[in-house]
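# Architecture at a glance
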Amino acid sequence: MGKASGVFLLVGLCLGAIVAMTLVPPSRSGPAAIAASRAAVLTIEAEAVPVESPPPPSSSAVPGPPPKTVDIQALADLVPGGQVSAVVYDRTAEKTVVSLKSERSYTSASLVKLLIALEALQAGTPASTVQRMLSASDDDIASRLWSAHGGPVIVTRWVAKIGLGGTRPPEDPGRWGDTRITAADVVKVYRYLLDQAGAGTRTTIMRALSGATESGSDGIRQYFGIPDGVGDLPWSIKQGWACCRGSRILHSSGVVGEEDRYLVVVLTSQPTSTTYSGAGKRVTDVVKALLPAIDGL
């Protein structure tokens, strides 16, 4: 093995010397030439080492679609000849993500039943009575509870308790449906219900709203707006409708999404020439237009 190694070493040295001699110009000789040849060999070996460079950026990457947004200005066009207000509040982000004319005043119609329910439950009314009033939007029960618990005082008491800046009792104490409301205040009512009300009150009311019947006790179909507009998302609703004191009123309000994430309120005042079904479709179209604000749908 020793002789073989010596032979291989001698051959390697000879080859190195030959390479060095071919790289040094003829004018060079002596020690300087030897040094130059060694430098040349080292240079060749260094240049022979491959250097990895970062790959060029891929030109095949396709950018994702831009985030969906709600066209606020277009919402009003969905209710021709009338008025519309809309609010979407994200409870997880704790912020309003859509707001259109949120302080505009409307006749409440049956949305005031949310305040009647809060008052009645606080006074000890059976849960089943309150749930029937809400789920079927039963006017007879609402009238009885309104009279039994002070009528307009119900509104003023809960205005003060929740901090409702645009809600007013009706001018005619007997007409609970003429209570004045705003979309911003309806959102505040839901926030109170979900975040501050007692567990029993919250459970009773939300169970009624999630179990809302397709038709109200007066036969009007109440699945316009949120139920017809949000697809397979879970919902709980309180709807309102009234006619014909100058306009046709249709409101859709409630909670949408997993874990009651989104509060959605759409209030409309439409021409009396519009049918309930036609006016309801317009409310549904508004809710559909709001879907980009609800989990980017």
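What you see is a predicted model; the values in this text were computed from it and never measured.

### Here we look at the nonpolar core
Counting residues in hydrophobic clusters, the biggest one holds 44 residues, and the most contacted among them are Leu-118, Met-133, Leu-134 and Ile-205. Listing elements by their share of this core, those giving two or more residues are β1 (83-90), α4 (113-122), α5 (127-135), α6 (139-148), α7 (152-162), α8 (183-195), α9 (199-210) and β7 (262-270). Considering every element that reaches this core, the biggest residue donor is α8, with 8 residues. Once you skip the residues sitting within four places of it in the chain, Ile-205 turns out to touch Ala-117, Leu-118, Leu-121, Leu-134 and Leu-193. Ranked by size, the runner-up nonpolar core spans 30 residues in total, among them Ile-226, Val-230, Val-256 and Leu-290.

### What about the side chain of Thr-167?
With respect to the helices and strands, the residue Thr-167 is situated in the loop between α7 and β4 (180-181). Of the polar contacts made by the side chain of Thr-167, one reaches the side chain of Asp-185; its length is 2.7 Å. With sequence-adjacent residues up to four places away left out, Thr-167 is seen in contact with Val-155, Val-159, Thr-179, Arg-180, Ile-181 and Asp-185.

### A word on the confidence of the model for the protein
Averaged over every residue, the pLDDT of the protein is 84; residues scoring 70 or more account for 76%. Confidence drops under a pLDDT of 50 for residues 1-53, and excluding neighbours within four residues, the segment shows 10 contacts in the predicted structure. Below a pLDDT of 50 lies the segment residues 57-61, which in the model reaches 0 contacts outside its immediate sequence neighbourhood of four places, other chains included.

### Remarks on the pattern of salt bridges
Scanning the entire structure with this criterion turns up 10 salt bridges. Residue Arg-175 pairs with Asp-178 through a salt bridge whose shortest N-O separation is 2.8 Å. When its relative accessible area of 35% is taken as the criterion, Arg-175 is described as partly exposed. The exposure class assigned to Asp-178 is buried, which follows from its relative accessible area of 17%. If you follow the salt bridges from partner to partner, you end up with Arg-175, Asp-178 and Arg-245 in one network.

### What to know about the layout of surface pockets
The method is simple in principle: a probe with the dimensions of a water molecule rolls over the atoms, and the space it marks as empty is what remains. Estimated volume of the largest pocket: approximately 620 Å³. Contributing to the lining of the largest pocket are 29 residues, with Thr-107, Arg-175, Gly-177, Asp-178 and Ala-242 lying nearest its centre. Sorting the residues of the lining of the largest pocket by element identifies β3 (106-107), α6 and β5 (235-242) as the ones contributing at least two each. Partitioned by chemical class, the residues of the lining of the largest pocket number 11 nonpolar, 10 polar and 8 charged. Approximately 180 Å³ is the volume attributed to the second largest pocket.

Thresholds, definitions, all that
Residues numbered from 1 in each chain as written. Predicted model: local features only at pLDDT ≥ 70, side-chain atom pairs only at ≥ 80, totals over all residues. Heavy atoms only, no water. Core = buried A, V, L, I, M, F, W, Y, C linked by side-chain atoms within 4.5 Å. Buried < 20%, exposed > 50% of the residue type's maximum accessible area, 1.4 Å probe, protein only. Helix = DSSP H or I, 4+ residues; strand = E, 2+ residues; numbered from the N terminus. Contact = heavy atoms within 4.5 Å. Polar contact = N/O pair within 3.5 Å; in protein donor to acceptor, adjacent residues only side chain to side chain. pLDDT = per-residue confidence, 0-100. Salt bridge = Lys/Arg side-chain N within 4 Å of Asp/Glu carboxyl O. 1 Å grid on protein atoms, 1.4 Å probe; cavity = no way out; pocket = protein on both sides within 12 Å on 5 of 7 lines; lining within 4 Å. Points joined across faces, edges and corners; volume = space filled by probe spheres on them. Nonpolar A, V, L, I, M, F, W, Y, C, P; charged D, E, K, R; others polar.

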